[in-house]
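Overview (structure and organization)
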Amino acid sequence: MLVLAAIVGPARATPNYTVQVTTNADLGRVTSAASGDTNFRVDPTTGNVTITNGGGAVRSSNGATRAMVTISCTGATGDCSKNINVQLTSAGGPLGRARALTRLTFTMGTAVLAGGPGLPGSGSFTIGPIGLNSSKTFFVGADMAIAADDSGLATGPAEADFSVFTAEAPTSPTSGPNGRFLATILRQLSITKTQDLVFGVVSTPTSGNGTVTIDPATGARTTVGAVGFGTPTPTQATFNVTGEGGQAFSVTIPATFQMTGPQSMTVTTTNSAGAAPMLGGALGSQGSFNFGVGGQIAVNSTTPNGSYTGNFTVTVAYN
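Residues numbered from 1 in each chain as written. Predicted model: local features only at pLDDT ≥ 70, side-chain atom pairs only at ≥ 80, totals over all residues. Heavy atoms only, no water.

Check the secondary structure of the protein and you find zero helices and 25 strands. Here the C-alpha atoms of the protein give a radius of gyration of 33 Å, more than 25% beyond the 20 Å that 2.2 N^0.38 yields for 319 residues. With respect to the principal axes defined by its C-alpha atoms, the protein has extents near 140 × 30 × 30 Å. Taking all 319 residues of the protein together, 39% fall into the buried category. Sequence-distant contacts, at least 24 apart, represent 75% of the contacts inside the protein between residues at least 6 apart. Accessible surface, the protein: about 15500 Å² in total, of which carbon and sulfur atoms supply 52%. (Helix = DSSP H or I, 4+ residues; strand = E, 2+ residues; numbered from the N terminus. Rg over C-alpha atoms; globule rule 2.2 N^0.38 Å. Buried < 20%, exposed > 50% of the residue type's maximum accessible area, 1.4 Å probe, protein only. Contact = heavy atoms within 4.5 Å. Areas by Shrake-Rupley, 256 points an atom, 1.4 Å probe, with all protein chains shown as cover.)

This is the structure in structure tokens:
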């Protein structure tokens, strides 16, 4: 009698892989350049961010940032034991002033590199087995270019995405989740003088000391001891600030400056900007803010007659 028998081992349960971009890369607030793209390179190993093309955009913070991907695996005993092929690619259309990601790069976290990477930007590599009911991580960097004010693109939130395709080796990966490179883009802040500070014509006191004061908000002139004349009309200096709507900024004005003439004369400044100036409008639109600078000079019976002129510099910066 002939007996035929087949011995079949236990079937291998299908492992369950979960791929998540657990941390996105965020450049924070970036003031864009007036013209031309600025290329920000995110290092996947350190998270350091550098500008590689000499562009004029500026980050508000020097903090490190990078994306992190976590791959988890669950299944029956003996599963999750194969290498994982990974492919990083730029994904979708960028948002706001972001350009599509280029030069995608990576470095291992808890994952172990099991297959040689290609050139920077190819984003193709293999990691070792995840392990049963375990997870492994790696980090992603990229070049993220930010368009300038002359691009005509919207300020505010900016985003460029990447995809993480994964598959058990030797299968080629074709699907996976997206991660994000983010920034909040502000247009450049600028200031324009629209009117000069003018004390006008005054007569000195017949004796003793006096003062001439220009109100920074109204331009009204007040004299003590001196007498003011109507021509030329006294005015405060006025300035117009433009930039990203809804943003706080600081104003730097010298506390004093010198006017020159028959002798030196000190001007003590005042201003109407307030302690916490903020541009009108909202993020994503242009905002503006106007303020004035006034001041006070001291005159006395011995102050020489003549013309006095001087200048001072006012600067602004986002907070």
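From this point, the discussion proceeds with the structure in view.
Moving on: the state of the cysteines. Throughout the structure, instances matching the rule amount to one disulfide. Between C73 and C80 runs a disulfide, and the two sulfur atoms are separated by 2.1 Å. Disulfide C73 to C80: torsion about the S-S bond roughly -80 degrees, handedness left-handed. (Disulfide = S-S within 2.5 Å.)

Attention now goes to unusual backbone geometry. The residue after A169, namely P170, is reached through a cis peptide bond having omega 10 degrees. Looking at where P170 falls in the secondary structure, it is placed in the loop between β12 (156-168) and β13 (178-186). Of note, the amide linkage connecting T231 to P232 takes the cis form, showing an omega dihedral of -5 degrees. With respect to the helices and strands, the residue P232 is situated in the loop between β18 (227-228) and β19 (237-244). Of note, the phi angle at R103 is positive, near 50 degrees, even though the residue is not glycine. Position of R103 among the secondary structure elements: in strand β8 (residues 102-108). One non-glycine residue, N133, lies in positive phi territory at about 50 degrees. By the secondary structure assignment, N133 is in the loop between β10 (124-127) and β11 (134-146).

The next point concerns the packing of aromatic side chains. All chains considered together, the criterion is met by eight aromatic pairs. Ring centres 5.2 Å apart and planes at 85 degrees place the aromatic pair F125 and F138 in the edge-to-face group. Of the two residues, F125 sits in strand β10 while F138 sits in strand β11, which places them 13 residues apart along the sequence. For F125, a relative accessible area of 2% corresponds to the buried category. Residue class for F138 comes out buried when judged on its relative accessible area of 0%. Plain terms: the ring middles of F249 and F289 are 5.4 Å apart, the flat faces sit at 80 degrees to each other, and that makes the pair edge-to-face. (Phe/Tyr/Trp six-rings, centres within 6.5 Å; stacked < 30°, edge-to-face > 60°.)

Bringing the pattern of salt bridges into the picture now. On inspection of all chains with the given rule, the structure shows six salt bridges. For the salt bridge of D37 with R99, the shortest nitrogen-to-oxygen distance reads 3.0 Å. Placement of D37 in the loop between β2 (25-31) and β3 (38-42) and of R99 in the loop between β7 (84-95) and β8 is noted, with a sequence separation of 62 residues between them. You can call R99 partly exposed: its relative accessible area is 32%. Between R97 and D149 there is a salt bridge, and its shortest N-O distance comes to 2.6 Å. Taken together, the residues R97 in the loop between β7 and β8 and D149 in the loop between β11 and β12 connect sequence positions 52 residues apart. (Salt bridge = Lys/Arg side-chain N within 4 Å of Asp/Glu carboxyl O.)

Here we take up the sheet that holds strand β5 (residues 58-59). A sheet is described by the order of its strands in space; here seven strands give the open sequence β5-β2-β13-β12-β7-β10-β9, paired in mixed fashion. The open sheet has two free edges, formed respectively by β5 and β9 (113-115), since each of these has just one partner strand. When β2 meets β5, the two strands line up antiparallel, connected through two bridges. Following the sheet pairing, V30 is matched in β5 by R59. (Pairing = 2+ DSSP bridges.)

With that settled, consider the nonpolar core. If you look at the biggest cluster of nonpolar residues, it comprises 37 residues, and the most contacted ones within it are V69, L88, F138, F162, V164 and F181. Looking at this core, the element that brings in the most residues is β11, giving five residues. With residues up to four places along the chain from it excluded, the contact list for L88 reads L104, T105, F106, S122, G123, F125, F138, V140, S163 and V164. (Core = buried A, V, L, I, M, F, W, Y, C linked by side-chain atoms within 4.5 Å.)

Bringing a nonpolar patch on the surface into the picture now. On the surface, V201, V227 and F229 cluster together into a nonpolar patch covering about 250 Å² of accessible area. In this structure, V201 sits in the loop between β14 (190-195) and β15 (202-203). A relative accessible area of 38% places V201 in the partly exposed class. (Patch = residues over 30% accessible without salt bridge, like charges linked within 9 Å, V, L, I, M, F, W, Y side chains within 5 Å.)

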